[in-house]
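The residues making up each chain are set out below.
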Amino acid sequence: MIEIDLHDLSDDADYADSMQQGSASMTRSDSSNRSSSSEQVVAEIVYLKDNVAIHPTQHAWERIRGRLKLIKQGGSLLMTWIPYEGQSSSARLSEKDKSLYTIRAVPFSDIRSIRRHTPTLGWQYAIIVLSSGLAFPPLYFYNGGLKEFLATIKQHVFLVRSAEDANIFLVNDFQDPLQRTLSSLELPRAVSVANRPTSSVARSESSSSRTDGEALDKNSTYIQQNGRQRQKHNDPRNLSIQVLEKFSLVTRFARETKSQLLRESHGDGFISNAMRKHDKKPNSYSFAVESNDVHKPFEDIPVPAESLEYDKLSLVWGKPRQPPLGSKEWSTFLDSEGTVTDSEALRKRIFYGGVEKGLRKEVWRFLLGYHSYDSTFVGRKYLVSIRKSEYETIKNQWKSITKEQAKRFTKFRERKALIEKDVVRTDRSIPFYDGDDNSNVKCLRDILLTYSFYNFDLGYCQGMSDLLSPILYVMEDEPESFWCFVALMERLGPNFNRDQNGVHSQLFALSKLVELLDNPLHNYFQQKDCLNYFFCFRWVLIQFKREFDFEKTMRLWEVLWTHYLSEHLHLYVCVAILRRYRSKIIGEEMDFDTLLKFINELSGHINLDATLRDAEALCICAGENGEACIPPGTPPSLPFEITSMYNQQDDDDVL
Amino acid sequence: MPSRRRTLLKVIILGDSGVGKTSLMNQYVNKKFSNQYKATIGADFLTKEVQFEDRLFTLQIWDTAGQERFQSLGVAFYRGADCCVLVYDVNSMKSFENLNNWREEFLIQASPSDPENFPFVVLGNKVDIDGGNSRVVSEKKARAWCASKGNIPYFETSAKEGTNVEEAFQCIAKNALKSGEEEEIYLPDTIDVGASSQQRTGGCEC
C-alpha cells in the first residue's frame, strides 16, 4: 500500500489545483517554498509546505493533501493548513470532509505543544495539541520539511523542548508553575493517542478479528505496577478514527474557548455582533444546536473574520441515541449455547440505546458482571441455583440472631435500624415500593442487611438503598438482586468507604477533567473556591440516582455499565451537565452555596439523551488526556488485582 | 444581586440519620410535612426571610446527611456558620448520646473563632410519636445535658405536627444573629468589586 501512496504522490493534479487555493485575506505568495515576500504588511508567510496530508480514516490511501503555512500577522504567528481543491485521492472523501479538516489561522497562542514523529518507515508527521488539550489529526509531511517547520516556529514563538520527551515541543511556556507541571505530566499521555506506528503498519495489525473501528477503549485496561505506572493500549486502527472524531470537536472547542476569552475581554459583545453581521447564510447545521438549555452555542460565538468557516466545521456532538435493545435483536447476540459471542458489539449497542424494559432482567446481569459474557444457558442456570442457596446461607446469619442476642449486639441493632430508616424512604413514590407494608420494601431491607453481613467491613451506608432499588425493581427476585448488587458494589463500594476516598478521588478526577475540557469554567471554580466539587457529591455517590426519574436513571445506568468508551463515563456526564449550564453558572457569578443549590435543583430537569451525547463527545475528545486525569483505581474501576490479569498487548514503543 | 443590604445568617442542622432534620427544616420554611422525604445525600439548604427590629435577614438553613461516614464533607458545609442546631429523636437514646459527638465534630470542622460561646440549639424531635409512649429520652435528661454544655437552649418539637418549630427557629435565628453581628465586618459587600475586576484581567491571559 505504501507503493500506491507513493505513486499517488507523483500525481500533481491536486498540487496544480492548490495553486489557486489560498486564504483571501492573506497575501498570496508565489509557489516557491518558504517564500516570505509580501506586498502588503497585512500578513507575511514565513513558511509554506505543499503536500502535507492528513489521513482522516484508518486507510492511508484516503487522505487529504494540502498546503501548510505559517503566517506572521501583527505580533502573532498563525498556522493554516488548506486542503487542495479538486479531486481527492479517494472518491469517498467529499469536499465537506475537506473543509472539515481545514485548519484556518490557528494562532500559536492557542497551541500548547507540537509532537514530532519521525518514524524510520513512512512519513514524518507532527501532531499539534491545542491549549484545550485537544489535538489536530497528524499532519504528514510527504515531502519532508518537518524540521524546517519547527525551526521556523522557533524563530517566532517561544518553543521549549519537553523535559519528558525530546520529541515534544511546548509552545506556550506556562506562567503558573503548577500549570507547567501538570502540562508536562499530561503531555506524554496527550500524544500517546496518536503515537502509533504509521498507518500502514497499523493496518496490518488490525487485520485481526475486530470489526469495529469506532471503539475507543476497546481492549484497553489499566496496567498498574505498584501504582507507579498506568498505560492504556488501544487497538491501533482506532487511532485515526479517534483522531478524526477528536478533530471534529477541536474546531468547536477552539471556538468556544476563543469566544470565552473574547467575551471576557470585550464585555460589550462588540465582536460577536460584528461577526454575526458577516454570517448571513442561513444556518443549515442544525445539529450543532445541542439543546434548548441555557447554553446557546450560536448566540455568542465571536470568531475571527477569516475563520467564519468555523461554524460549518462543528460536527454532531456525539452520535444520535438509538432505540433500546429489544429481545429479537438480543437473541442475535447469543449463540446456540447462550454465549454472548461479541460482547464488545453488545456493549456498544447498549451504550447507544440502552435496553428495553422487559429485557433488562436478563441483560443487566451481564452488564453488572454477575453473569460473564462467555457463560452458557446451562452454566448460568447452575450458577443461579448455587447463588440462591448461598444467599439464603448469608441471610440466615442475621435472621438467626435472637432478640436476646441482639440486645448485646449493638452494631447489628444500629445497622438494622439505619437500614430500616432508609428503605422506608427509598423510591416510595414508585408503585413498586408504594403503600404500607410493601413487601418490596421489606425485600430491600433484607438484601441490604444481608449485604452488610456479606461485606461486614463496609456494612451499610446511606445511598446503598438508592443503588439497590432499581435493581430489585428490574430483577423482581431477592437472591438475584442481591448478587447483582454485590457485583455493582464491587465497583462502587469505595464510594461508601469510611474515609470517603472513593468519592474524593472521583471528585478530584472531575476537577482535572473540567480543567482539561473547559478551562475557563475551571478557572471560575478556582476563583470561587469551588474546586472541591462537593456540589457534585450526590451525582457521583449514587450515580445520578436523584437527578433523573426512575426510568431515566435505569437508562443512564445501563449505559454507564457498558464501560464502552470509558469506565468513567459518569465523570464525563458531570462535565457535560456543568458545561451545559456554564454560562448560567458564570453569568450569575454563583458562589459555592448558590452553586450547590443550583445543582441540587437541577434534579428532574436534565435532558438525559442530550447529556449522554455531550458526555460521549467529551469523552472521545479528551481521549488519553482525559483518562490521564483519572487516578488509577478510581471507582468504578475494578481493583488492580483483577484488571492486571489482562495482558498488555502492544507496548507503546515511543514512550 | 441584593439591591438592599441584607444579612445572611447561616444555620447548620446536625444529628443522626432519621431524626428529622429535613422535616424540621421543611416544616419551618415551607410549613409542610411529608412522610416521603428521602435520606439526604450530601447537603442542601433552604432560605427564609426573617425580620428583627426592622431589619431583614436571610436565614440560610443547611440540612446535611446524618450518617457519621459523611462527616468529612463538613469542612465545606459548616464554614461560616452562625448557629448550629443539634437534633435528636426523643425515641432513640443513641441519637441523644450522639449529640456530644456532633457538637464536637462541628467545633472541629467549622472551627469558629470563639468555640466556647458559639451558639448551639438542641431540638428533641418526634415528640408526637405514639403519644409519647415510645419516648426513651426524658426532657429532664436532655435539659441537664444542655445545661452542662453552657446552657444550650432546648426545644421539644414535632416536625410532623409543627409543634414548637416556629419557636425553636426564632430562637435559632436570634442566636445566629448574635454571633453573626460580631462577624459582620467580614461581610463580602466590599470585596466583591475587587474580586470581579480581578477576574476580568485574569481571564484575558489564558
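Cut-offs applied
Residues numbered from 1 in each chain as written. Chains lettered and ligands numbered in written order. Predicted model: local features only at pLDDT ≥ 70, side-chain atom pairs only at ≥ 80, totals over all residues. Heavy atoms only, no water. Phe/Tyr/Trp six-rings, centres within 6.5 Å; stacked < 30°, edge-to-face > 60°. Helix = DSSP H or I, 4+ residues; strand = E, 2+ residues; numbered from the N terminus. Buried < 20%, exposed > 50% of the residue type's maximum accessible area, 1.4 Å probe, protein only. Axes fitted to C-alpha atoms, helices over the stretch in contact; angles between N-to-C directions. Parallel < 35°, antiparallel > 145°, perpendicular 65-115°, else oblique. Left-handed = near helix turned anticlockwise from the far one by under 90°. Contact = heavy atoms within 4.5 Å. Buried area = accessible area lost by both parts, 1.4 Å probe. Salt bridge = Lys/Arg side-chain N within 4 Å of Asp/Glu carboxyl O. Polar contact = N/O pair within 3.5 Å; in protein donor to acceptor, adjacent residues only side chain to side chain. Nonpolar A, V, L, I, M, F, W, Y, C, P; charged D, E, K, R; others polar. pLDDT = per-residue confidence, 0-100. Pairing = 2+ DSSP bridges.

1. Here we look at the packing of aromatic side chains
Consideration 1: Tallied over the full model, the rule gives 45 aromatic pairs over all chains.
Consideration 2: A ring pair is formed by Tyr391 of chain A and Phe482 of chain A, whose centres lie 4.8 Å apart and whose planes are at 50°; its orientation type is tilted. With a gap of 91 residues between them, Tyr391 of chain A in helix α13 (residues 377-399) and Phe482 of chain A in helix α18 (residues 478-492) connect regions that are remote in the sequence. The exposure classification of Tyr391 of chain A matches that of Phe482 of chain A, with both residues buried.
Consideration 3: Ring centres of Phe534 of chain A and Phe77 of chain B lie 6.1 Å apart, and the angle between their planes is 50°; on these two criteria the pair is classed as tilted. Here the residue Phe534 of chain A occupies a position in the loop between α20 (519-527) and α21 (537-541), and Phe77 of chain B occupies one in helix α2 (residues 74-78), the pair thus bridging two chains. Each member of the pair, Phe534 of chain A together with Phe77 of chain B, is buried.

2. Points about the packing of helix α16 (residues 439-454) of chain A against α18 of chain A
Residues and elements named next belong to chain A.
Consideration 1: Running from N to C, α16 and α18 point in directions that differ by 50°, and their axes come no closer than 10 Å. As the angle between them shows, α16 and α18 are arranged oblique. In this structure, the crossing between α16 and α18 has a hand that is right-handed. Contact with α16, carried on its side by Cys443, Asp446, Ile447, Leu448, Thr450, Tyr451 and Tyr454, involves Glu478, Ser481, Phe482, Trp483, Phe485, Val486 and Met489 of α18 and no other residues of that element.

3. Side note on the interface of chain B and chain A
Consideration 1: Contacts between the two partners involve 34 residues from chain B, matched on the other side by 39 residues from chain A.
Consideration 2: Interface area for chain B against chain A, summed over the two sides, is near 3400 Å², with a carbon-plus-sulfur share of 53%.
Consideration 3: The tally of links between chain B and chain A comes to four salt bridges.
Consideration 4: The residue Lys38 of chain B makes a salt bridge to Asp427 of chain A at a minimum N-O spacing of 3.8 Å.
Consideration 5: Taken together, chain B and chain A are joined by 13 residue pairs in polar contact (both at pLDDT 80 or more).
Consideration 6: Going through the elements one at a time, β2 (43-52), β3 (55-64), α2 and α7 (191-205) of chain B are the ones with two or more residues in the side of chain B that touches chain A.
Consideration 7: Here the side of chain B that touches chain A takes six residues from α7 of chain B, the largest share from any one element.
Consideration 8: Its residues assigned to classes, the side of chain B that touches chain A comprises 14 nonpolar, twelve polar and eight charged.

4. Describing the confidence of the model for chain B
Consideration 1: Residues at a pLDDT of 70 or more form 84% of chain B, whose mean pLDDT is 86.
Consideration 2: The ipTM, which scores confidence in the relative placement of chains, is 0.86 for this predicted complex, and the corresponding pTM is 0.64.

5. Remarks on the sheet that holds β2 of chain B
Consideration 1: On the basis of which strands lie adjacent, the open sheet formed by six strands has the order β2-β3-β1-β4-β5-β6 (chain B) and mixed pairing. Only two strands of the sheet have a single neighbouring strand rather than two, namely β2 and β6 (154-156) of chain B. Here the average twist between neighbouring strands, direction ignored, is 25°.
Consideration 2: Those strands touched by helix α25 (residues 592-601) of chain A are β1 (7-15), β2 and β3 of chain B, and its axis lies near 120° from that of β2 of chain B.
Consideration 3: Sheet contacts for helix α4 (residues 99-110) of chain B: β1, β4 (83-89) and β5 (120-125) of chain B; angle to β4 of chain B, the most-contacted strand, approximately 160°.

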